[in-house]
Amino acid sequence: QVQLVESGGGLVQPGGSLRLSCAASRTIFTMYAMGWYRQAPGKQRELVATISSGGITNYADSVKGRFTISRENAKALVYLQMNSLKPEDTAVYYCNFQVSPNTSYWGQGTQVTVSS
């Protein structure tokens, strides 16, 4: 079993920045993709950004140009740099590690609140 631990969430003013991190509890020898998802109150969980083992990234239209996903394969770490934050970015953010075609792990979630 793998546990993912997220950090970096918090309260920030509109236009501000936050950097989320997610680390695995043990070494993962095969990693397909890593990603970030978010869930706002009353809404379904949605994809924010993913990055493949080869470094190919994919972003939701709502965050393109503002968020950047990156990873450290050797350390099973994934980051989400969030700039120009908006109130509509307020949500619980979850990281996800895809370790096989049929197996993925989720973090416990970290709250991001964008408010003045």
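This text follows the structure it describes.
Everything quoted here is computed from the prediction, not taken from an experiment. (Residues numbered from 1 in each chain as written. Predicted model: local features only at pLDDT ≥ 70, side-chain atom pairs only at ≥ 80, totals over all residues. Heavy atoms only, no water.)

**Student:** What am I meant to see in the overall build of the protein here?
**Tutor:** Across its full length, the protein holds zero helices and 11 strands. Going from N to C terminus, the protein has its helices and strands arranged as β-β-β-β-β-β-β-β-β-β-β. In terms of overall dimensions, the protein is globule-like: its C-alpha atoms have a radius of gyration of 13 Å, near the 13 Å expected for 116 residues. Principal-axis analysis of the C-alpha atoms places the extent of the protein at approximately 40 × 25 × 25 Å. For the protein, the proportion of its 116 residues judged to be buried stands at 43%. Carbon and sulfur atoms provide 48% of the accessible area of the protein, an area that totals close to 6200 Å². A gap of 4 Å separates the mean positions of the 10 positive and 6 negative side-chain charges of the protein. (Helix = DSSP H or I, 4+ residues; strand = E, 2+ residues; numbered from the N terminus. Rg over C-alpha atoms; globule rule 2.2 N^0.38 Å. Buried < 20%, exposed > 50% of the residue type's maximum accessible area, 1.4 Å probe, protein only. Areas by Shrake-Rupley, 256 points an atom, 1.4 Å probe, with all protein chains shown as cover. Lys, Arg positive; Asp, Glu negative; His and termini not counted. Charge placed at Lys NZ, Arg CZ, Asp CG, Glu CD.)

**Student:** What should I look at first to understand the nonpolar core in this one?
**Tutor:** A general feature of soluble globular proteins is that nonpolar side chains tend to end up buried together. Counting 33 residues, the largest nonpolar core has Trp 36, Val 78, Leu 80, Met 82, Tyr 93 and Phe 97 as the members making the most contacts within it. Contributing elements (two or more residues each) for this core: strand E3 (18-24), strand E4 (33-39), strand E5 (46-52), strand E7 (67-72), strand E8 (77-82), strand E9 (91-100) and strand E11 (110-114). For this core, the element with the highest residue contribution is E9, accounting for five residues. Leaving out residues up to four positions away in the same chain, Leu 80 has contacts with Leu 18, Arg 19, Leu 20, Trp 36, Val 48, Ala 49, Phe 67, Thr 68, Ile 69 and Tyr 93. (Core = buried A, V, L, I, M, F, W, Y, C linked by side-chain atoms within 4.5 Å. Contact = heavy atoms within 4.5 Å.)

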